[in-house]
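The primary structure of each chain is shown beneath.
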Amino acid sequence: MSLKSTLLAGAAVAVLAASPAVAQTAPSQAQIDALAAQIQALQGQLTSLKDSVAKESAATKKAMEAMPKVTADGGRIRVQTADKAFDAAIRARIHMDYGFGNGGKNFTADGTDGFGIRRAFLGVAGKVYTDWTYEVTANFAGNRGGGAQIQAANIGYTGIKNWTIVAGVMQPKFTLDDSTSSNDIAFMERAPIGNIVVGIGGSDSRTAIGVTNKGTSHFVAAYVTGNATNTTGSFDDQVNILGRGAYAFWQGTEGSAGIGVSGVYQATPQATARPVTAGTATTSIGFGDRPGLRIGGTDTSYRLTNVTINQIDSAYAYGADLGFNYKSLWAAAEYYNFGAEYADRTATGAVQTLADPEFSGYYVSAGYILTGERRNYNIGEWTGVKPAWPVGQNGFGAWEVAARYSQVDLVDRAAGIFTGTAAKETNWTFGVNWYVNPAIRFMLNHVMTKSERPNGTDVELDLTAVRMQFQF
């Protein structure tokens, strides 16, 4: 008898011995063999069951891995296929402001105070077939000129390493401030000089085609743009050529710094009507911006400095920027020259004798995150501040203080521009930002502005505004 049979026989004897009814009856060899066969059969069934469970588990795991992945990081709902060839993310952005003017000098207009929906974005963005991207976003803020507007509607190709080709409606990467998302800028509004320069041909909602390249320390972009999607009543659309480059000359664990250049040439200005006779003025451009805040919806009563140049052949802007951050401290500056070229003849058909108008402007800004987080310079743009300890998670969010000085000089006597609201405007902007969590921010800005008019009375004004911001 084998060892296995001996052990089984012993087990059988023990079982039988434990029963009073059979305690005095020794098991037969047949009984022992039958019991061994039963145990062997059970062992086979157990092995088969284990194999079946393992196969089903592997199949279930494979099926789960093949299913689309749904995430909600930072509140943004995103669906992505297992092979990452397709994805879609819902995006939203709400900026609601309240502001008021609180005193000034020689400001006689009845400035509007009150609420305004600065931005109300809702859209979807993602990629298809690995190398193609898309974005469709609408802006439902009526402040933008009468109801909803297409903010973005474009497709891009990323199949060439480090390159992106994009076409449709978009906001081109242009200037340091404007390349940074409105969710991440340090102040409620970008500096007036930036808005003026970007408005020549690079503002958001632009029909455009462009190409970008980004490496470990550089970024370059070039675009051909047309009108914004809300432009109406025109004869010929604009044609603008934009370019931007940035280089990070320092990138370390404690911070980074870089320089950038931007330029735009408006080759075909906006034509408001078909020319009837030679010398008829059909083109114009306006330079000016509200002093660092938007108050009261579409109201323009706080626009202290502004010029309109009629009958132009082209317009342009060019300049440079600098960004720097070291731990929680950051600083930025931009400087631009901009202007227009007059047509050969005036509106009356006379030969144009004035010099082509040219202007300049700049800003310098700095900030500090009191709670230790960082606003990083990221090769031509700024990243946002993400609180390390959000409210509701044993923290009180992130707190930032910031200040900015800006200047725009819209006076050019040689070009005949020195009356009315043509002036040199300076602005001091002070801000406090509270980042409740990655999705919610509250902002407080105070702006002190002065418009020095060479042929008129200087105007001074103080403005204060707050913002509730939600984004994912």
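Shown above is the structure to which this text applies.
In this report, we go over the structure that sits alongside the text. (Residues numbered from 1 in each chain as written. Predicted model: local features only at pLDDT ≥ 70, side-chain atom pairs only at ≥ 80, totals over all residues. Heavy atoms only, no water.)

Section: the overall build of the protein
Link 1 in the chain: Summing up its helical and strand segments, the protein has four helices and 20 strands in all.
Link 2 in the chain: Against the globule reference of 23 Å for 472 residues, the protein gives a C-alpha radius of gyration of 34 Å, more extended than a compact globule.
Link 3 in the chain: Overall, the protein is about 135 × 45 × 45 Å in size when its C-alpha atoms are taken along their principal axes.
Link 4 in the chain: The burial tally for the protein puts 42% of its 472 residues in the buried class.
Link 5 in the chain: Long-range contacts, defined here as pairs at least 24 residues apart, represent 64% of the contacts in the protein between residues at least 6 apart.
Link 6 in the chain: Surface exposure of the protein reaches about 23,200 Å², of which carbon and sulfur atoms provide 60%.
Link 7 in the chain: The averaged location of the 39 negative side-chain charges in the protein is 7 Å from the averaged location of its 38 positive side-chain charges. (Helix = DSSP H or I, 4+ residues; strand = E, 2+ residues; numbered from the N terminus. Rg over C-alpha atoms; globule rule 2.2 N^0.38 Å. Buried < 20%, exposed > 50% of the residue type's maximum accessible area, 1.4 Å probe, protein only. Contact = heavy atoms within 4.5 Å. Areas by Shrake-Rupley, 256 points an atom, 1.4 Å probe, with all protein chains shown as cover. Lys, Arg positive; Asp, Glu negative; His and termini not counted. Charge placed at Lys NZ, Arg CZ, Asp CG, Glu CD.)

Let's talk about the pattern of salt bridges
Link 1 in the chain: Taken as a whole, this structure holds 10 salt bridges when the rule is applied.
Link 2 in the chain: A salt bridge links Asp-321 to Arg-244, with the nearest nitrogen and oxygen atoms 2.7 Å apart. Remark: Arg-244 occurs in strand S10 (residues 239-251) and Asp-321 occurs in strand S14 (residues 312-326); sequence separation between them is 77 residues. The same class applies to Asp-321 and to Arg-244, which are both buried.
Link 3 in the chain: Through salt bridges with shared partners, a single network forms among Asp-97, Arg-118, Glu-189 and Arg-467. (Salt bridge = Lys/Arg side-chain N within 4 Å of Asp/Glu carboxyl O.)

Some details on unusual backbone geometry
Link 1 in the chain: Positive phi outside glycine occurs at Thr-175, with the angle close to 70 degrees.
Link 2 in the chain: Secondary-structure assignment places Thr-175 in the loop between strand S7 (163-170) and helix H3 (176-179).
Link 3 in the chain: When its relative accessible area of 1% is taken as the criterion, Thr-175 is described as buried.
Link 4 in the chain: Phi is positive for Ile-379, close to 50 degrees, though the residue is something other than glycine.

Structural notes on the nonpolar core
Link 1 in the chain: Core analysis: the biggest nonpolar cluster contains 48 residues, and Phe-287, Ile-309 and Phe-338 have the highest contact counts within it.
Link 2 in the chain: For this core, the leading source of residues is strand S15 (residues 329-342), giving six residues.
Link 3 in the chain: In this structure Ile-309 touches Thr-283, Ser-284, Ile-285, Phe-287, Ala-340, Tyr-342, Pro-357, Phe-359 and Ile-417, once residues within four positions along its chain are discounted.
Link 4 in the chain: One finds Tyr-302, Met-443, Leu-463 and Ala-465 within the second-largest nonpolar core, a separate group that totals 11 residues. (Core = buried A, V, L, I, M, F, W, Y, C linked by side-chain atoms within 4.5 Å.)

Description of the side chain of Asn-445
Link 1 in the chain: Residue position: Asn-445 is located in strand S19 (residues 440-452).
Link 2 in the chain: There is a polar contact of 2.9 Å between the side chain of Asn-445 and the backbone nitrogen of Met-188.
Link 3 in the chain: Contact partners of Asn-445, with chain neighbours within four places excluded, come to Phe-187, Met-188, Leu-293, Thr-429, Phe-430, Gly-431, Val-432, Leu-463, Thr-464 and Ala-465. (Polar contact = N/O pair within 3.5 Å; in protein donor to acceptor, adjacent residues only side chain to side chain.)

Describing a negative patch on the surface
Link 1 in the chain: A surface patch of negative charge is lined by Asp-313, Glu-341, Asp-344 and Asp-356.
Link 2 in the chain: Looking at the secondary structure, you find Asp-356 in the loop between S15 and strand S16 (358-369).
Link 3 in the chain: Residue classification places Asp-356 among the partly exposed residues on the basis of a relative accessible area of 40%. (Patch = residues over 30% accessible without salt bridge, like charges linked within 9 Å, V, L, I, M, F, W, Y side chains within 5 Å.)

Some points on the packing of aromatic side chains
What describes a pair of aromatic rings is the distance from one ring centre to the other and the angle between the planes of the rings.
Link 1 in the chain: Under the defined criterion, the tally for this structure stands at 18 aromatic pairs.
Link 2 in the chain: Where Tyr-316 meets Tyr-318, the ring centres are 6.3 Å apart and the plane angle is 15 degrees; that geometry is what we call stacked.
Link 3 in the chain: In this structure Tyr-316 comes out as buried when scored by relative accessible area, which is 16%.
Link 4 in the chain: A ring pair is formed by Trp-399 and Trp-434, whose centres lie 5.3 Å apart and whose planes are at 15 degrees; its orientation type is stacked. With Trp-399 in strand S17 (residues 398-409) and Trp-434 in strand S18 (residues 424-437), this pair connects stretches of sequence that are 35 residues apart.
Link 5 in the chain: Classification of Trp-399 by relative accessible area gives partly exposed; the value is 32%.
Link 6 in the chain: Through pairs of rings, three or more aromatic residues link up here, namely Tyr-362, Tyr-405, Trp-428 and Phe-430.
Link 7 in the chain: Its end group placed over the ring of Trp-330, Arg-375 keeps NZ or CZ at 5.6 Å from the ring centre. (Phe/Tyr/Trp six-rings, centres within 6.5 Å; stacked < 30°, edge-to-face > 60°. Lys NZ or Arg CZ within 6 Å of the ring centre and 35° of its normal.)

Looking at the environment of Ile-312
Link 1 in the chain: You can see Ile-312 is positioned in strand S14.
Link 2 in the chain: Separated by 217 residues in sequence, Ile-312 and His-95 place their C-alpha atoms 36 Å apart.
Link 3 in the chain: When neighbours within four sequence positions are excluded, Ile-312 is seen to be in contact with Gln-266, Pro-269, Thr-283, Ser-284, Ile-285, Ala-340, Glu-341, Tyr-342 and Ala-343.

Without other data, these values stay purely geometric and don't point to any function.
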